[in-house]
Amino acid sequence: MSIGISGAEMAEGAAVENYYLWIKALHVISIIAWMAGMLYLPRLFVYHCGAERGSVQSETFKVMERRLLKAIINPAMGGAWIFGVALIALNPEMLKGQGWLHTKLTLVLLMSGMHGVLAKHVRLFANDANTKSAKYFRIMNEVPTVLMIGIVILVIVRPF
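Residues numbered from 1 in each chain as written. Predicted model: local features only at pLDDT ≥ 70, side-chain atom pairs only at ≥ 80, totals over all residues. Heavy atoms only, no water.

Engineer: Give me the lowdown on helix 2 (residues 56–90), citing residues and values where you can.
Structural biologist: Its 35 residues place the ends of helix 2 50 Å apart at the C-alpha level, agreeing with the 51 Å of an ideal helix rising 1.5 Å per residue. The axis of helix 2 is deflected most strongly, by about 35 degrees, at Leu-69. (Helix = DSSP H or I, 4+ residues; strand = E, 2+ residues; numbered from the N terminus. Expected span 1.5 Å × (residues − 1). Bend = angle between axes of the 7 residues up to and from the residue.)

Engineer: I'd like to hear about the packing of aromatic side chains, residue by residue, with values.
Structural biologist: By the definition in use, this model includes four aromatic pairs. Seen in terms of ring centroids, Phe-45 and Phe-137 are 5.0 Å apart; in terms of plane orientation they differ by 55 degrees. Their pairing is tilted. Linking Phe-45 in helix 1 (residues 7–49) with Phe-137 in helix 4 (residues 134–140), this pair joins segments that are 92 residues apart in sequence. A relative accessible area of 0% places Phe-45 in the buried class. With a centroid separation of 5.0 Å and 80 degrees between ring planes, the pair formed by Tyr-136 and Phe-137 is classed as edge-to-face. Of the residues examined, Tyr-136 reaches a relative accessible area of 24% and is grouped as partly exposed. Members of the aromatic cluster, connected to one another through ring pairs, are Phe-45, Phe-125, Tyr-136 and Phe-137. Positioned above the aromatic ring of Tyr-136 is the side chain of Lys-132, whose terminal nitrogen or guanidinium carbon lies 5.0 Å from the ring centre. (Phe/Tyr/Trp six-rings, centres within 6.5 Å; stacked < 30°, edge-to-face > 60°. Buried < 20%, exposed > 50% of the residue type's maximum accessible area, 1.4 Å probe, protein only. Lys NZ or Arg CZ within 6 Å of the ring centre and 35° of its normal.)

Fair warning: the whole summary comes from geometry, so function is off the table for now.
Next up, the structure:
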């Protein structure tokens, strides 16, 4: 008696693997777009702080900030979450005994919280209600960077 995998099972496995790789690629693309926006938006806030309320420059920053959030950052975060959850759904074994993955997910939740904080600041600037300084936004600009470094190290090195 021979125990083996049939040709149909091999083809099905290859199709699932190919599907998984496409989802993984879309996940990485979404993350890159999300991070680009998360790193750029606080920098816009730094410059916006220096613009006089109601000025042409301030109004231009409002448009840039709103478009960056609505057209890039929000959809990219949604894609990162959707494709990330899909990866886990296709391979639920990833969750078992993978401390690095649980820690990464915690950092992703913190990044999502940071996303919410930045979205709040877009609304405040849009209403000319910002009370934070350029220094505050320079510091805020570092938070996504630190979270990103932690996430990348966890995914690549898998230290635990």
